[in-house]
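Descriptive analysis of the structure
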Amino acid sequence: MAWKYYSLVEDGRKFHSLDQIAQTLVLDARQRDRQSLNQSFKMREAVAYGLERFWGEHLRLKGKSKKNGDEFDCKGDYWKATWDALVSIMQPAGVEIPNDSVNVRNPNTVQAMAEKLWSITVEDQRIILAVLTQLCDAIVWWTQRYKGPGNLSSDEEN
């Protein structure tokens, strides 16, 4: 079986690899709030827990946010941007990932989205998780390059 090459066009920008997408995600997060870069490592760990938990993390962080633009809001934006990138990456491959807009204060919308994620076939789940793993690995690599030694404090409590 031969590898089929896909490129991604998002916001008028053309990307040719997960590495380029990851670099853009890291740079955008760094510009929003340097502290949110620590989320990269948590994203990579969260892949093991499945799509629904990975997707839901942005909701958890947004729920902790006290005001627009605070640290939790920025962290949530980073998770959501990563999820949105994954959805865009998988579309050309013909693998549809649900990406409904939900209200964290409305459990019915959250539950409906979770059920859509749980209904993805096992084969597609495996493909999506493999791509998400690669994307998160690249995000961690770029994070290590851009955060620099001693530039960020630990945020273990978040």
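The structure contained in this document is the topic of the report that follows. Everything numeric in this text was worked out from a predicted model, so none of it was measured.

**Quick look at the environment of Lys116**
- Relative to the assigned elements, Lys116 resides in helix α5 (residues 107–118).
- Since its relative accessible area comes to 38%, Lys116 is described here as partly exposed.
- Considering only alpha carbons, one finds Lys116 and Asn99, 17 residues apart in sequence, at a separation of 9.2 Å.

**Digging into the packing of aromatic side chains**
- Across all of its chains, the model carries four aromatic pairs by this definition.
- When the ring of Trp141 is compared with that of Trp142, the centres are 4.8 Å apart and the planes differ by 85°; the resulting orientation is edge-to-face.
- Overall, Trp142 belongs to the buried group, its relative accessible area being 14%.
- Chaining the aromatic ring pairs together yields one cluster made of Phe54, Trp79 and Trp83.
- Of note, Arg145 hangs over the ring of Trp141, and the distance from its end group to the ring centre comes to 3.9 Å.

**Looking at the nonpolar core**
- Residues Phe54 and Trp83 are the most contacted members of the largest nonpolar core, which totals 37 residues.
- Residue assignment for this core shows that the elements contributing at least two residues are α1 (18–32), α2 (39–46), α3 (51–64), α4 (71–90), α5 and α6 (122–147).
- Per-element tally for this core: the top contributor is α4, with nine residues.
- Once residues lying within four places of it in the same chain are set aside, the contact partners of Phe54 are Met43, Ala46, Val47, Trp79, Thr82, Trp83, Leu132 and Cys136.

**Quick word on the pattern of salt bridges**
- Scanning the entire structure with this criterion turns up seven salt bridges.
- Between Lys62 and Asp73 there is a salt bridge whose closest N-O contact spans 2.6 Å. Of this pair, Lys62 sits in helix α3 while Asp73 sits in helix α4, and the two are 11 residues apart along the sequence.
- Judged by relative accessible area, Lys62 falls into the partly exposed class, the value being 26%.

What counts and how
Residues numbered from 1 in each chain as written. Predicted model: local features only at pLDDT ≥ 70, side-chain atom pairs only at ≥ 80, totals over all residues. Heavy atoms only, no water. Helix = DSSP H or I, 4+ residues; strand = E, 2+ residues; numbered from the N terminus. Buried < 20%, exposed > 50% of the residue type's maximum accessible area, 1.4 Å probe, protein only. Phe/Tyr/Trp six-rings, centres within 6.5 Å; stacked < 30°, edge-to-face > 60°. Lys NZ or Arg CZ within 6 Å of the ring centre and 35° of its normal. Core = buried A, V, L, I, M, F, W, Y, C linked by side-chain atoms within 4.5 Å. Contact = heavy atoms within 4.5 Å. Salt bridge = Lys/Arg side-chain N within 4 Å of Asp/Glu carboxyl O.

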